[in-house]
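Here is how the chains run, residue by residue.
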Amino acid sequence: MTMLFSADTLPKFRLALLGVCSLAMLSGCGGKNELVLDSGVGVNVVRSACPAVGIPVYTGDITTFSPVDSRDANAIDMVASITNVRSQCNDAAGDKIYTATTFDVLARRTNTRGARQVTLPYFTTVMRGGTAVISKRLGAVTISFADGQERAQASGTAGSYVDRAEASLPDDVRERLTRKRRAGDADAAIDPLSDPQVRAAVARASFEQLIGFQLTPDQLQYNATR
């Protein structure tokens, strides 16, 4: 495991993760919990072992200044944002689940004189249970401005592997979550996720692939307080 966060930025990054999704327990950000009413009371769980994909709060934008030590609005040199995040997950077979993700970076500069290239670093991180960093990789995307051009766009890619066994729920937990409960059953009105052991098992099997700009502590602080 490669930890590339500094001691100062890691707590802020963990806090920012709460804005991606609230670990919607049964299937990250993208799944559904459907109440079954036709043959009793229960929960029909739709869950995939594929990781949820998102951008952590405060890391989807980057602002550069000229001069670099200024934070005045009039000194903004360039602003760039990550958008159009799209992923494809290979959940068909194998011990490893691979998720390939593409995204766009949209940039706008203040001074449009002359052609210019700007290279922006980004990270791909796999999180488990919303708090544990499993892996982290760095990449870079280059923005090319033509002379007189204010806006430019580039594309980036990311990929990650998740161990299928670790992303699968134990059989007993899956049975508790999917079993239909009929009116009159002793546990008909009890949410199985209210059990700390069930919640912990679901959290352990929940993964996220997160993509964002690799910001300096000052850039992260700027995004968090602007």
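The present account deals with the structure reproduced in this document. (Residues numbered from 1 in each chain as written. Predicted model: local features only at pLDDT ≥ 70, side-chain atom pairs only at ≥ 80, totals over all residues. Heavy atoms only, no water.)

Quick word on the packing of aromatic side chains
Heads up, the condition is: Aromatic rings from Phe, Tyr and Trp, with only the six-membered ring used for Trp, were paired whenever their centres fell within 6.5 Å, and each pair was classed as stacked if the ring planes differed by under 30 degrees, edge-to-face if by over 60, and tilted otherwise. The helix count covers DSSP runs of H or I at least four residues long, the strand count covers runs of E at least two residues long, and both are numbered beginning at the N terminus. Buried means the residue's accessible area, taken with a 1.4 Å probe over protein chains only, is under 20% of the maximum for its type, while exposed means over 50%, and partly exposed covers the values in between.
Under the counting rule described, the total for this entry stands at three aromatic pairs. For the ring pair Phe65 and Tyr222, a centre distance of 5.2 Å and an interplane angle of 85 degrees mean the geometry is edge-to-face. With a gap of 157 residues between them, Phe65 in strand S4 (residues 61-65) and Tyr222 in helix H4 (residues 217-225) connect regions that are remote in the sequence. There is no split in this pair, since Phe65 and Tyr222 are both buried. Pairing Phe103 with Tyr122 gives two aromatic rings, centres 5.0 Å apart and planes at 85 degrees, and the pair type is edge-to-face. Taken as a pair, Phe103 in strand S6 (residues 96-109) and Tyr122 in strand S7 (residues 116-128) lie far apart in primary sequence, 19 residues in all. For the pair Phe103 and Tyr122, one class covers both residues: buried.

A few points about the sheet that holds strand S5 (residues 76-90)
Rules: If DSSP finds at least two bridges between two strands, the strands pair. To get an axis, a line is fitted to the C-alpha atoms, and for a helix only the part in contact is used. The angle between two axes follows their N-to-C directions and goes from 0 to 180 degrees. The contact criterion used throughout is that any non-hydrogen atoms of two residues lie within 4.5 Å.
Here we have four strands laid out as an open sheet, ordered S4-S5-S6-S9, and antiparallel in their pairing. The open sheet is flanked by S4 and strand S9 (151-163), the only strands paired with a single partner. Here the average twist between neighbouring strands, direction ignored, is 20 degrees. The pairing of S6 with S9 spans 13 bridges and is classified as antiparallel. Among the inter-strand pairings, Lys96 is bridged to a residue of S9, identified as Asp163. Where H4 meets the sheet, its contacts fall on S4 and S5, and the angle it forms with S4 comes to roughly 110 degrees.

Overview of unusual backbone geometry
Ser66 connects to Pro67 through a cis peptide bond whose omega is 0 degrees. Note that Pro67 resides in the loop between S4 and S5. Positive phi, close to 80 degrees, is recorded for Tyr58, a residue that is not glycine. In this structure, Tyr58 sits in the loop between strand S3 (52-54) and S4. Looking at Tyr58, the relative accessible area reads 34%, which means it is partly exposed. Despite not being glycine, Asn84 has its phi angle at roughly 55 degrees, a positive value. On the accessibility criterion, Asn84 (41% relative accessible area) is partly exposed.

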